[in-house]
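Architecture at a glance
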Amino acid sequence: MATVIDIDANLLRRAHENFWLDLDDVSPGPGLDGREQVLFTENRRWIGRLDFVRMRPAALSQAVVIGDRLRGRANILRITLCNHRTARYLGDEAAFYESVGVPADDIARGHILFDDGASFDDGAGFALPDHDEPTVVADVAAGSSTIQMDGYLGRNIAVGAFFSINDFLYRVEVNTDGAVTFNPPLRQAVTAGAQVDVTYPKVQVRLQDKADWRPFCEYFRNGQPMTVNVIEAFDR
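Bear in mind the structure is a predicted one, so any value in this text is a computation, not a measurement.

Focus on the sheet that holds strand β11 (residues 168-176)
Adjacent strands of a sheet form backbone hydrogen bonds with each other and so pair up, either parallel or antiparallel. Pairing is antiparallel in the open sheet, where 4 strands are placed in the order β9-β12-β11-β10. The open sheet terminates on both sides in strands that have one partner only, identified here as β9 (146-148) and β10 (162-165). The mean angle between the axes of side-by-side strands here comes to 45 degrees, regardless of whether they run parallel or antiparallel. Looking at chain direction, β11 and strand β12 (residues 179-183) are connected through 5 bridges and run antiparallel. Counted as the bridge partner of Asn175 is Val180 from β12.

Structure, rendered in structure tokens:
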């Protein structure tokens, strides 16, 4: 059984990470235009290109250990993505509230007033946005392309942003107050209360080709920058 190895972003620093869905397969034969047949089965998987920068000397020994454990394509890397495309909580409450448009006075006050500056009868206002990672509201079967998320991050996750559930990666197509349509369809059934990772989505991958082991070897030995191609792993 494959071992899952986490890539620590503080250890192996990435300059860029590009993930895209591999396209559907096409087969010869009569089809939509009489020349080819398009297969609509869901067989896509995430392909990624990771550009690593030069490693800090202090991390070299730890990186060598990761290289030993990886064993070429045999084991699985768990990649944590930096989700720049949407609101996310990075540990600083004031910075989070500011990033989602809460006025400084409301941040200092601890609640949000009405647009005209009025408050409730007791002097309070609306609660500040919660920054907890969303959870799934109801059970959803594998193969579904829509899921209901709760919480501020779930209701406001942006079109084009990533999220993950159980290390399976998805990208938002439409979000209507937390009813999120996404691709690819749900890889695995989820139950109500399951956590959705929005701030730091995760995906499990393998090296795409045995040639991608060579950059790892050079990087771990010499600390050189490298580019590695990865492909989504499904054996769990």
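A few points about the pattern of salt bridges
In this structure the tally under the stated criterion is 6 salt bridges. Between Asp6 and Arg78 there is a salt bridge; the shortest N-O distance is 2.6 Å. Taken together, the positions of Asp6 in strand β1 (residues 4-6) and Arg78 in strand β6 (residues 76-80) put the pair 72 residues apart, joining distant regions of the chain. One salt bridge in this structure joins Arg187 and Glu232, with 2.9 Å as the shortest N-O distance. Here Arg187, found in the loop between β12 and β13 (202-207), pairs with Glu232, found in strand β14 (residues 226-232); they are 45 residues apart in sequence, far enough to count as distant. One continuous salt-bridge network, built from bridges that share partners, spans Asp6, Arg78 and Asp167.

Here we look at the side chain of Asn75
Mapped onto the elements, Asn75 comes out in the loop between α1 (60-70) and β6. Reaching out from Asn75, the side chain makes a polar contact with the backbone nitrogen of Thr3 at a distance of 2.9 Å. The contact partners of Asn75, leaving out residues within four places of it in the chain, are Ala2, Thr3, Ile5, Arg69, Leu70 and Arg206.

Details of the pairing of β13
Counting buried positions over the 6 residues of β13 gives 5, a clear majority of the element. Sheet topology places β6 next to β13; 4 bridges connect them, and they run antiparallel. Within the sheet, the bridge partner assigned to Arg78 lies in β13 and is Gln204. Across 3 bridges, β13 lies against β14 in antiparallel orientation. Bridge pairing in β14 links Arg206 to Ile231.

About the thresholds
Residues numbered from 1 in each chain as written. Predicted model: local features only at pLDDT ≥ 70, side-chain atom pairs only at ≥ 80, totals over all residues. Heavy atoms only, no water. Pairing = 2+ DSSP bridges. Helix = DSSP H or I, 4+ residues; strand = E, 2+ residues; numbered from the N terminus. Axes fitted to C-alpha atoms, helices over the stretch in contact; angles between N-to-C directions. Salt bridge = Lys/Arg side-chain N within 4 Å of Asp/Glu carboxyl O. Polar contact = N/O pair within 3.5 Å; in protein donor to acceptor, adjacent residues only side chain to side chain. Contact = heavy atoms within 4.5 Å. Buried < 20%, exposed > 50% of the residue type's maximum accessible area, 1.4 Å probe, protein only.

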